[in-house]
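# Topology and contacts: notes
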Amino acid sequence: MIVRRGRSEDLPWLVGHDDASEDWIRRCIQFEEYFVAEQDGELTGFLRFSRFWGKIPYMDMIRVLSSHQRPGVGTALFRAWEDAMIEEGEQHLMTSSEWAQAEPQAWHRRNGFQAAGSIDLRIVQPSPEIFFLKDISGARRG
């Protein structure tokens, strides 16, 4: 498996697999805010991020095709993003999931995130959003 930054040639696949608009996907590719997983020349998943308040790296979405879940594709995407953020000198990572989504929350915790609060967004989704932070300030990979 290869994990790399998303490129313009990934656009059609990303448009077909991400819920974001094509314009937003183009913008995220331009600003190198995608990581993609590739196996045998085929894309199998992606991680899209942004910057919360324009500062804190925030994992917006991580998605792995159902046919490729469980062999570590999501973890490989996360590790590539985390390593890139460490290399850029970032201090924290941030992400979130709906309060009612136990499996994504367990995944975040397994990957070192800690709950940091929630906000009631039931005007747009069925349950509140719980936010997670991970301190990477002392992390260096070799």
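Starting afresh in each chain, residues are numbered from 1 along the sequence in its written order. In keeping with the model being predicted, local features are shown solely for residues with a pLDDT of at least 70 and side-chain atom pairs are shown and tallied solely at 80 or more, while totals for entire chains, interfaces and linings include all residues. With hydrogens and water excluded, all non-hydrogen atoms of the structure serve as input to the side-chain values.

## Examining the domain arrangement of the protein chain
Residue ranges for the domains originate in an automatic or database domain assignment. You can read the domains of the protein chain as domain 1 (1-90) and domain 2 (91-141). Domain 1 puts 18 residues into the contact, and the matching count from domain 2 is 17 residues. Across the interface of domain 1 and domain 2, roughly 1600 Å² is buried in total on both sides, 56% from carbon and sulfur atoms. One speaks of a salt bridge when a side-chain nitrogen belonging to Lys or Arg is within 4 Å of a carboxyl oxygen belonging to Asp or Glu. Viewed at the interface, domain 2 and domain 1 are joined by one salt bridge. When the shortest N-O distance is used, the salt bridge between Glu82 and Lys134 registers 2.5 Å. Pairs of N or O atoms are called polar contacts if they sit within 3.5 Å, as long as, within protein, a hydrogen donor faces a hydrogen acceptor (for residues adjacent in sequence, only side-chain-to-side-chain pairs). Summed over the shared surface of domain 1 and domain 2, the number is seven residue pairs in polar contact (both at pLDDT 80 or more). Only DSSP runs of H or I reaching four residues or more are called helices, and only runs of E reaching two or more are called strands; each is numbered from the N terminus. Secondary-structure elements contributing two or more residues to the side of domain 1 that touches domain 2 are strand E4 (56-64) and helix H3 (73-87). Here the element with the most residues in the side of domain 1 that touches domain 2 is H3; it accounts for nine residues. Tallied by class, residues from the side of domain 1 that touches domain 2 come to 10 nonpolar, three polar and five charged. In what follows, a contact means two residues having at least one pair of non-hydrogen atoms within 4.5 Å. Computed with a 1.4 Å rolling probe, the buried area is the accessible surface lost when two parts are put together, summed over both parts. Residues are sorted three ways: Asp, Glu, Lys and Arg are charged, Ala, Val, Leu, Ile, Met, Phe, Trp, Tyr, Cys and Pro are nonpolar, and all the rest, Gly among them, are polar.

## Some thoughts on the pattern of salt bridges
Under the criterion given, the structure shown has 13 salt bridges. Among the salt bridges present, the one from Arg5 reaches Glu88, with a minimum N-O distance of 3.3 Å. Separated by 83 residues along the polypeptide, Arg5 in strand E1 (residues 2-5) and Glu88 in the loop between H3 and strand E5 (92-98) bring together distant segments of the chain. For every residue, the accessible area (1.4 Å probe, protein chains only) is compared with the maximum for its type, and the residue is labelled buried under 20%, exposed over 50%, or partly exposed between those bounds. Judged by relative accessible area, which is 24%, Arg5 ranks as partly exposed.

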